[in-house]
Amino acid sequence: MNFDLTEDRQMLADTLRRYLAEQYDIETRNKLAYDAPFHSAEKWSEMAELGIAGALVTEENGGFGGQGFDISVVFEALGRTLCPEPFLGALMASRLLGAAGADQESLVDGSVRYAVGISEIDAPYDVAFTETTATATDGTYVLNGRKSAVYGGQVADVILVVAKLDGKLGVFSVKAADANVVGYAMIDGAGAAELVLDNTPAELVLTGADAAIQDALNAGRLALCAEAVGAMEATYEILLDYLKTRKQFGVAIGKFQVLQHRTVDLLTEIEQSRSMVVGAAAALGDDDAALKIAMAKNLIGRAARQVAEEAIQMHGGIAMTWEYAVSHLAKRLIMLDHQLGDTDHCLTEVMNSYAA
Amino acid sequence: MNFDLTEDRQMLADTLRRYLAEQYDIETRNKLAYDAPFHSAEKWSEMAELGIAGALVTEENGGFGGQGFDISVVFEALGRTLCPEPFLGALMASRLLGAAGADQESLVDGSVRYAVGISEIDAPYDVAFTETTATATDGTYVLNGRKSAVYGGQVADVILVVAKLDGKLGVFSVKAADANVVGYAMIDGAGAAELVLDNTPAELVLTGADAAIQDALNAGRLALCAEAVGAMEATYEILLDYLKTRKQFGVAIGKFQVLQHRTVDLLTEIEQSRSMVVGAAAALGDDDAALKIAMAKNLIGRAARQVAEEAIQMHGGIAMTWEYAVSHLAKRLIMLDHQLGDTDHCLTEVMNSYAA
Amino acid sequence: MDLTYSDAELAFQQEVRDFFEANLPMHISDAVRSGAEMTGELYQEYHRILSAKGWLATTWPKEYGGPGWTPVERHIFDVESSRYNAPRIVPFGLAMLGPVIQKFGNDRQKAEVLPRILSAEDWWCQGYSEPGAGSDLASLKTRADRDGDHYVVNGQKTWTTLGQYANKIFCLVRTKFDGKPQEGISFLLIDLDTPGIEMRPIRLIEGGHEVNEVFFTDVRVPVENLVGEENLGWTIAKFLLTHERTGIAGVGISMQALEELKALGRSVKRNGKPLIEDPLFAARVARVEIDLEAMKITNLRMLFQAQKQGHPGPETSILKIKGTQINQEIRDLARRALGPVAAPFPGHVTDGNLVLSPPDSQNNAARYFNNRKTSIFGGSNEIQRNILTKTMLEL
Amino acid sequence: MDLTYSDAELAFQQEVRDFFEANLPMHISDAVRSGAEMTGELYQEYHRILSAKGWLATTWPKEYGGPGWTPVERHIFDVESSRYNAPRIVPFGLAMLGPVIQKFGNDRQKAEVLPRILSAEDWWCQGYSEPGAGSDLASLKTRADRDGDHYVVNGQKTWTTLGQYANKIFCLVRTKFDGKPQEGISFLLIDLDTPGIEMRPIRLIEGGHEVNEVFFTDVRVPVENLVGEENLGWTIAKFLLTHERTGIAGVGISMQALEELKALGRSVKRNGKPLIEDPLFAARVARVEIDLEAMKITNLRMLFQAQKQGHPGPETSILKIKGTQINQEIRDLARRALGPVAAPFPGHVTDGNLVLSPPDSQNNAARYFNNRKTSIFGGSNEIQRNILTKTMLEL
């Protein structure tokens with residue numbers, strides 16, 4: 001048993017945190033996160049050069065990481081600064097491409113930006129209800145349907161789309177240039193896209209893709225969990241500082257016992273969240289990965305909401321303002337839960353394990 | 001709109017509260033509630049003479065009350081002193097007998113003690129899953145099955161039993177002397193019985209009894225809600241007094257802000273509970289009675305648990321002791337939820353109303 | 001006990017319904033339903049419609065030109081206006097300054113100020129909070145120094161809601177600098193045209209412009225703009241804090257929001273079925289519906305009590321706490337119901353014509369974030385609990 | 001990062017399992033599983049079984065006759081003993097007095113006290129709390145006045161757990177009556193046979209006899225029974241408060257209780273289906289299972305940290321708070337799962353042979369009520385939050 005990071009991962013974490021701290025102060029981050037194209041192509045390339053994309057890819061697929069703890073280290077750092085770069089898409093694409101044995105050089109070096117299209121408006125979290133269809137035509141394929149919430153889709157070169165081929169789940173590769181991609185900023189910053197597929201040409205990546213899609217979802221959920229822990233810790237640090245410095249009725253508000261106890265409860269939930277990320281990272285790739293990671297995402301979804309809402313409440317008005325970093329951290333913490341399966345969806349997956 | 005009690009009801013409430021305060025100090029109550037037969041035949045008769053049983057019966061059935069607010073006034077007073085007398089059975093029996101047009105003179109004067117048998121171990125709250133059966137034999141009936149949690153059953157003369165006759169719900173009257181009645185004290189005091197029916201002779205009271213059973217359940221649930229409000233208020237008063245007088249680290253513990261805010265939350269939930277009793281009492285007999293009363297029982301089940309657990313916690317060790325009244329109030333508040341449909345069951349009834 | 005409306009109250013309810021049916025423009029109710037940020041024009045249009053009917057000053061007695069409604073009538077108006085998706089009435093002139101002038105103002109002030117509120121000519125905003133003061137009004141620093149027959153005001157106010165549309169502001173200012181801090185505060189009416197006033201927007205968490213900072217630099221205010229006596233401001237502030245606000249529980253708004261939530265739950269799908277049939281979602285909806293059901297009655301009970309006593313009790317803090325919890329929970333569920341399509345930031349979609357989410361839901365996330373304010377502004381729920389500790393618990 | 005046990009730890013785990021398989025009597029595990037009140041005989045029988053194996057003093061180093069386990073090994077023992085429904089080890093001699101004597105006792109005390117704990121000959125109980133003192137130890141009033149080579153002890157202790165089975169008690173007593181209240185406290189060992197001691201039962205909420213009051217009237221205690229120096233009691237008390245308690249999170253107990261809860265949920269029916277398929281029940285079970293899953297790792301992380309630092313940090317308060325919340329929630333669910341048949345008061349059924357509830361569930365309600373103590377005794381969760389405020393938040 002060992003809860004220390006390996007030296008390599010510790011170095012990766014330090015490098016990334018230093019880079020992000022320098023490059024993504026909250027004003028810069030907000031400008032990038034809310035002004036089209038909702039990220040920085042330049043910083044994306046710099047981070048690829050630092051090896052961040054490569055850290056998300058396994059060695060057999062040409063990267064130098066791709067294990068659970070690589071993912072958690074990277075996304076926790078991204079979460080701390082609310083970095084809007086589209087690494088989630090790269091990570092999930094890498095899992096799908098890996099399952100297909102496809103080359104990932106351009107993903108590792110950052111030259112091609114990938115996104116994945118899984119969600120649909122009436123099947124936001126459960127791929128079994130996918131309605132997008134693929135049709136074979138002369139050795140190639142066309143897709144019809146609509147994908148919502150394609151994270152990073154607004155700047156993706158290639159989008160890997162989940163669609164049903166003859167009733168079975170497959171993964172198809174769509175060139176963004178060939179499709180109707182409607183990009184948008186998310187309310188918590190960074191970009192996503194709605195993907196409208198109308199006889200859109202596509203290449204087959206994988207058929208019978210259920211396991212690969214689940215693995216991509218597992219990896220994506222783990223990433224979001226780690227990102228949440230980073231954002232929760234950043235929020236907690238600002239809150240604690242505020243409690244110590246802000247005075248009301250002549251005393252630091254941190255002297256009010258009610259705020260003390262509520263902050264202790266946040267600390268507790270953050271520790272529990274951190275534990276869940278460790279457990280989820282360790283489980284990635286195992287047989288029980290889906291269950292363990294669903295558990296993590298449920299707990300962290302609850303904790304993130306508590307941290308976000310309590311941080312706003314305890315700050316009072318100031319955290320209601322755009323100018324104050326906590327408002328953006330809180331938005332991210334709340335909206336994270338909407339991505340790739342919310343607390344209820346993940347809880348239901350755990351509940352379903354009882355019936356069997 | 002008027003939230004004042006009528007003069008008659010106010011008088012009833014005052015009389016009953018005075019009687020209970022005199023007769024049921026906590027030591028006396030505990031002795032009666034935990035020593036067989038888990039109530040006092042003498043006090044039962046005295047209270048019948050005071051008109052308490054009659055207040056639960058409508059005028060058309062020979063009583064002088066039986067409206068929602070009569071029930072709530074009586075049971076709130078009973079709840080304050082944790083009175084163990086078996087009025088719940090009398091109330092529910094009166095509703096069933098009323099539906100059958102049967103005479104209730106002996107119920108009103110207290111000379112015959114009634115209980116009702118609805119719950120079964122595998123169908124604790126939902127009568128549709130009743131497994132007890134009635135069989136007709138020469139103009140009379142025999143019952144087979146088992147009823148659990150027959151409140152007041154340990155001293156009942158007559159038990160009205162819900163059983164299926166030809167697949168339909170009926171109500172049958174069983175003489176306690178004819179049946180195997182296993183009485184017990186409940187963990188929160190007062191008595192109940194397990195009723196083992198093995199070709200037990202019975203008289204038919206009502207067939208096609210679904211609506212009558214629902215009305216009896218509605219009345220019983222309303223009574224439990226009111227009882228809970230009485231017990232919550234008694235608990236709250238003791239807690240508030242304790243917070244003012246008990247010192248720790250040199251100050252009254254009521255000066256600790258954490259306890260203040262948590263007590264305010266209890267006050268809020270008690271007010272909400274009181275409102276729900278008013279709403280439920282007003283709804284009894286209306287078309288939406290079942291839904292409104294299920295709502296009340298859900299909210300009050302949640303509130304009662306919060307009041308009980310918080311009162312114990314804020315008192316510290318003392319409320320963990322048998323000697324201190326709060327332990328008994330807390331037990332009653334918790335165990336009330338197990339009677340006639342718990343918070344989950346009642347919530348499910350509300351949820352089911354959305355699907356339609 | 002009787003929970004039903006009297007015949008007169010039922011007739012009034014019908015009158016209110018008829019009025020909204022006939023007079024509330026669709027473009028206003030559409031804006032409210034969608035949760036989009038309201039413009040000053042829409043507010044003013046609505047105010048004028050009410051003013052024409054004599055229903056703008058819902059809490060004012062007849063002698064001052066109000067409708068003279070009972071608390072129950074005000075409650076009925078509240079619920080119906082939410083049901084029809086009417087905007088809220090901007091409260092600063094009508095629910096706050098009006099009663100202050102009626103109680104503390106002199107005859108000249110009554111004659112000048114009240115009619116222009118009634119007619120919706122003046123839009124008042126509030127200068128209470130200051131940076132660093134928050135709920136702690138006694139520590140305010142904005143000063144008014146007497147100079148002949150003027151006060152000279154210097155300082156900064158913040159959280160001035162909808163101040164960008166206002167032409168007047170009422171302020172708490174410090175007029176005495178020694179003694180107890182509460183004793184040196186005065187209540188001043190200021191024309192926003194006066195030189196030396198600058199209003200700057202504060203952008204809120206969800207991106208909207210709803211509150212402002214107001215800076216005062218040597219702003220000269222005639223002495224006759226003082227309400228009540230000098231240094232009486234604390235009394236007025238306390239009066240306002242405990243002044244009856246029928247709508248404080250937000251029952252009408254929450255009822256309407258719950259109906260819309262249920263409709264959304266029926267239109268959105270999860271696992272091939274309507275979301276409302278998902279037990280975890282339905283359980284949350286049911287729980288908050290039950291809490292709201294209780295709150296409706298709690299609200300009526302306290303209105304009834306206030307009507308009997310002639311003034312509201314400290315229990316109104318209960319309405320504030322529980323009311324905001326219920327409303328925030330409903331807004332939370334409306335956000336969650338959308339799943340991933342709650343994400344798009346309104347106004348930041350490259351193709352504005354593409355519909356990304358169900359009707360009237362595109363602002364659900366923004367609305368949820370904006371609504372976090374309700375448990376903070378106007379006396380945070382923590383402050384309300386402190387008040388109840390003193391008044392109801394006597395701890 | 002590596003969450004798996006080492007080969008040595010796995011071998012140890014197997015050894016523990018083999019031990020329980022072979023040596024834990026069924027009548028003991030049945031009693032634990034049923035949640036019935038444990039008798040002193042059963043505890044002692046179990047203690048002697050462990051003692052014979054050398055496993056009774058799980059936290060003691062080898063030099064004092066303990067097994068010298070690492071924190072992880074202690075954790076493994078903890079989880080396995082719960083899994084096999086072994087009783088808890090009564091902690092007062094083993095987990096509390098033992099470490100105190102090892103750190104503060106003199107050689108004679110080490111030689112006399114420790115072996116008799118190890119062999120389960122002595123049963124120690126604790127005399128800390130007093131009526132009116134609760135968590136506020138500094139205010140204790142039981143006094144020990146020096147008289148020659150004895151102390152004369154007068155006063156009252158309370159909440160003395162399982163004192164009815166003990167033959168010895170360790171007490172905090174006041175030996176100095178001026179100065180700071182913390183500075184006048186001493187730590188004294190007292191034989192319960194000494195004249196002037198009376199032990200009275202306190203009946204708990206669920207009806208059980210688990211704690212006692214102890215009255216001291218002119219009890220003469222030899223001066224050599226003082227541990228450490230006179231007036232050093234506060235230091236010892238603080239040492240004990242922060243002393244590592246591997247099992248403080250109750251992970252093993254909660255894991256076992258959760259398994260039993262799930263089994264109960266499969267055996268009980270609601271609406272014609274197993275209760276575990278009721279979504280509201282299943283959701284609660286799943287939520288607490290998830291919380292427990294996190295707690296397992298949090299517990300291991302903190303063990304790992306303690307192992308690295310050589311001592312536990314203040315984070316153990318987190319384990320206490322969250323651990324009791326989880327355990328209480330599981331007990332709550334086990335009570336709720338029974339519906340109306342949770343009601344019978346064990347021992348108060350007129351026909352004791354009639355089975356009223358599913359196997360091993362007849363004490364579920366009693367157990368729930370009894371378990372409310374866990375968030376109160378041993379430093380209430382409020383006190384734990386105060387500790388964390390000081391140590392981790394530094395507020």
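Just so you know, the residues in each chain are numbered from 1, in the order the chain's sequence is written. The lettering of chains begins at A and the numbering of ligands begins at 1, in the order of writing. Confidence filtering applies because this is a predicted model: local features only for residues at pLDDT of at least 70, side-chain atom pairs given and counted only at 80 or more, and all residues used for totals across whole chains, interfaces and linings. Only hydrogens and water are removed before side-chain values are computed, so all heavy atoms of the structure are retained for them.

Novice: Kindly report on the overall build of chain A, identifying the contributing residues and their values.
Specialist: Elements are defined by DSSP. Helices are runs of H or I of four residues or more, strands are runs of E of two residues or more, and each kind is numbered from the N terminus. Of the regular secondary structure elements, chain A holds 12 helices and nine strands. Computed over its C-alpha atoms, the radius of gyration of chain A comes to 20 Å, within 12% of the 21 Å expected for a compact globule of 356 residues. With the C-alpha coordinates of chain A rotated into their principal frame, the extents come out at 80 × 50 × 40 Å. Burial classification: accessible surface area is computed with a 1.4 Å probe over protein chains only, and a residue below 20% of its type maximum counts as buried, one above 50% as exposed, and the rest as partly exposed. Counting over 356 residues, chain A shows a buried share of 68%. Here the globule rule is a power law, 2.2 Å times the number of residues to the power 0.38, and the radius of gyration is based on C-alpha atoms.

Novice: Any details on the pairing of strand β4 (residues 158-165) of chain A? Residues and values, ideally.
Specialist: Residues and elements named next belong to chain A. Judged by how many residues are buried, β4 sits mostly within the fold: seven of eight residues are covered. Two strands qualify as a pair provided that DSSP identifies no fewer than 2 bridges between them. In terms of strand pairing, strand β1 (residues 114-117) meets β4 through four bridges, oriented parallel. Along β4, the bridge assignment pairs tyrosine 114 with valine 158. Where β4 and strand β5 (residues 168-175) come together, eight bridges link them in antiparallel fashion. By the bridge assignment, alanine 163 is partnered in β5 with glycine 170. In this structure, the hairpin formed by β4 and β5 is closed by a connection of two residues, where aspartate 166 is found at a positive phi of approximately 50°.

Novice: Quick one: what's the story with the packing of helix α10 (residues 316-336) of chain C against helix α11 (residues 364-371) of chain C, residue by residue and with numbers?
Specialist: All names here are of chain C. Where α10 meets α11, the closest approach of the two axes is 8 Å, and the angle between their N-to-C directions is 155°. Comparing their axes, α11 and α10 come out roughly antiparallel. Crossing of α10 over α11 shows left-handed handedness. Contacts between α10 and α11 pair Asn327, Gln328, Arg331, Asp332, Ala334 and Arg335 from the former with Asn364, Ala365, Arg367, Tyr368 and Asn371 from the latter. Grouping the constituent residues of the contact of α10 with α11 by class yields three nonpolar, four polar and four charged. The convention used is that axes are lines fitted to C-alpha atoms, helices contributing only their stretch in contact, and that angles between N-to-C directions extend from 0 to 180 degrees. Angle categories: roughly parallel below 35 degrees, roughly antiparallel above 145, roughly perpendicular from 65 to 115, and oblique for all the rest. When the near helix sits turned anticlockwise from the far one by under a right angle, the crossing is termed left-handed; a clockwise turn instead gives a right-handed crossing. By definition, residues are in contact when any of their heavy atoms lie within 4.5 Å. Any residue that is not Ala, Val, Leu, Ile, Met, Phe, Trp, Tyr, Cys, Pro, Asp, Glu, Lys or Arg is counted as polar, Gly included; the first ten are nonpolar and the last four charged.

Novice: Describe the side chain of D:Asn299, with residues and values.
Specialist: All names here are of chain D. Assignment of secondary structure puts asparagine 299 in helix α9 (residues 279-309). Classification of asparagine 299 as buried rests on a relative accessible area of 2%. Polar contact is the term for a pair of N or O atoms within 3.5 Å; when the atoms are in protein, one must be able to donate a hydrogen and the other to accept it, and sequence-neighboring residues count only if both atoms are side-chain atoms. Within the structure, asparagine 299 has its side chain in polar contact with the side chain of histidine 75 (distance 3.2 Å).

Novice: Residue-level account of the interface of chain A and chain C, with values.
Specialist: With 50 residues of chain A at the contact, the number on the chain C side is 53 residues. Taking both sides of the interface into account, the surface hidden between chain A and chain C amounts to around 4400 Å²; carbon and sulfur atoms contribute 61%. Defined in terms of a 1.4 Å probe, buried area is the accessible area two parts forfeit on being brought together, summed over both. By the criterion of area lost to chain C, the three top residues of chain A are A:Ile187, A:Met320 and A:Trp322, representing 16% of everything that side buries. One salt bridge connects A:Asp344 with C:Arg284, and the closest N-O pair in it is separated by 2.7 Å. The interface formed by chain A and chain C holds 18 residue pairs in polar contact (both at pLDDT 80 or more) in total. Counting residues per element, the ones that place at least two in the side of chain A that touches chain C are β3 (140-151), β6 (180-186), β7 (191-206), β8 (247-248), α10 (289-315), α11 (325-335) and α12 (343-355) of chain A. Salt-bridge detection follows one rule: a side-chain nitrogen of Lys or Arg within 4 Å of a carboxyl oxygen of Asp or Glu.

Novice: Would you mind going over the packing of aromatic side chains in detail, with residue names and values included?
Specialist: Here a ring pair, both rings aromatic, is described through the centre-centre distance and the interplanar angle of the planes. All names here are of chain C. The pairing test for Phe, Tyr and Trp rings, Trp by its six-membered ring, is centres within 6.5 Å, and the orientation test on the planes gives stacked under 30 degrees, edge-to-face over 60, and tilted for anything in between. Here the structure, examined in full by the defined rule, presents 48 aromatic pairs over all chains. Centre to centre, the rings of tryptophan 159 and phenylalanine 377 are 5.3 Å apart; their planes meet at 40°, and the pair counts as tilted. A residue pair is termed long-range when its members are at least 10 positions apart, and tryptophan 159 in the loop between β3 (150-157) and β4 (168-174) and phenylalanine 377 in the loop between α11 and α12 (381-393) qualify at 218 residues. Residue classification places tryptophan 159 among the buried residues on the basis of a relative accessible area of 18%. Of the aromatic side chains, those joined through ring pairs into one cluster are Phe12, Phe19, Phe20, Trp55, Trp69, Phe77 and Tyr84.

Novice: Tell me what's going on with the pattern of salt bridges, and back it up with residues and numbers.
Specialist: Per the counting criterion, the structure on display carries 90 salt bridges over all chains. The shortest N-O distance in the salt bridge between A:Lys292 and D:Glu293 comes to 3.6 Å. Here D:Glu293 lies in helix α9 and A:Lys292 lies in helix α10, a pairing that spans two chains. Classification of A:Lys292 by relative accessible area gives partly exposed; the value is 25%. What makes D:Glu293 buried here is its relative accessible area of 12%. A salt bridge links B:Asp265 to C:Arg385, with the shortest nitrogen-to-oxygen separation between them at 2.9 Å. Note that B:Asp265 is positioned in helix α9 (residues 257-283) and C:Arg385 in helix α12, a pairing that runs across two chains. Judged by its relative accessible area of 23%, B:Asp265 is partly exposed. A network of salt bridges, in which partner residues are shared, links A:Arg305, A:Glu309, A:Asp344, C:Arg284, C:Glu329, C:Asp332, C:Arg335, C:Arg336 and C:Arg372.

Novice: Before we move on, can you summarise the domain arrangement of chain C with the specific residues and values?
Specialist: Residues and elements named next belong to chain C. According to the domain assignment, chain C consists of domain 1 (7-89), domain 2 (124-232) and domain 3 (249-391). Residue ranges for the domains trace back to a domain assignment, done automatically or taken from a database. On a C-alpha basis, the centroid separation for the pair domain 1 and domain 3 is 21 Å. With 14 residues of domain 1 at the contact, the number on the domain 3 side is 14 residues. Counting across the domain 1 and domain 3 interface gives zero salt bridges. Connecting domain 1 to domain 3 are six residue pairs in polar contact (both at pLDDT 80 or more). Sorting the residues of the side of domain 1 that touches domain 3 by element identifies α2 (26-34) and α4 (71-83) as the ones contributing at least two each. In terms of residue count, α4 provides more of the side of domain 1 that touches domain 3 than any other element does, seven residues in total.

Novice: Mind laying out the domain arrangement of chain A, listing which residues take part and the relevant values?
Specialist: Residue and element names in this part refer to chain A. Segmenting chain A into domains produces domain 1 (7-108), domain 2 (114-208) and domain 3 (212-355). The straight-line distance from the C-alpha centre of domain 2 to that of domain 3 is 29 Å. With 11 residues of domain 2 at the contact, the number on the domain 3 side is 14 residues. Across the domain 2 to domain 3 interface the summed buried area is about 1100 Å²; carbon plus sulfur atoms make up 70%. When residues of domain 2 are sorted by the area they lose upon contact with domain 3, Tyr125, Tyr151 and Asp188 head the list and together hold 58% of the total. In this assembly, domain 2 and domain 3 are joined by one salt bridge. Here domain 2 and domain 3 share two residue pairs in polar contact (both at pLDDT 80 or more) between them. Of the residues assigned to the side of domain 2 that touches domain 3, the class counts are nine nonpolar, no polar and two charged.

Novice: Just give me the short version of helix α5 (residues 68-80) of chain B, but keep the residues and values in it.
Specialist: Because each turn of an α-helix spans 3.6 residues, side chains separated by three or four positions end up pointing in the same direction. Residues and elements named next belong to chain B. One less than the residue count of a helix, multiplied by 1.5 Å, gives the span that helix is expected to have. With 13 residues, α5 should cover 18 Å at 1.5 Å per step; its first-to-last C-alpha distance of 18 Å lies within 8% of that length. Burial within α5 is extensive, with 13 of its 13 residues counted as buried. The positive-phi residue at the C-terminal boundary of α5 is leucine 82, with phi of around 55°.

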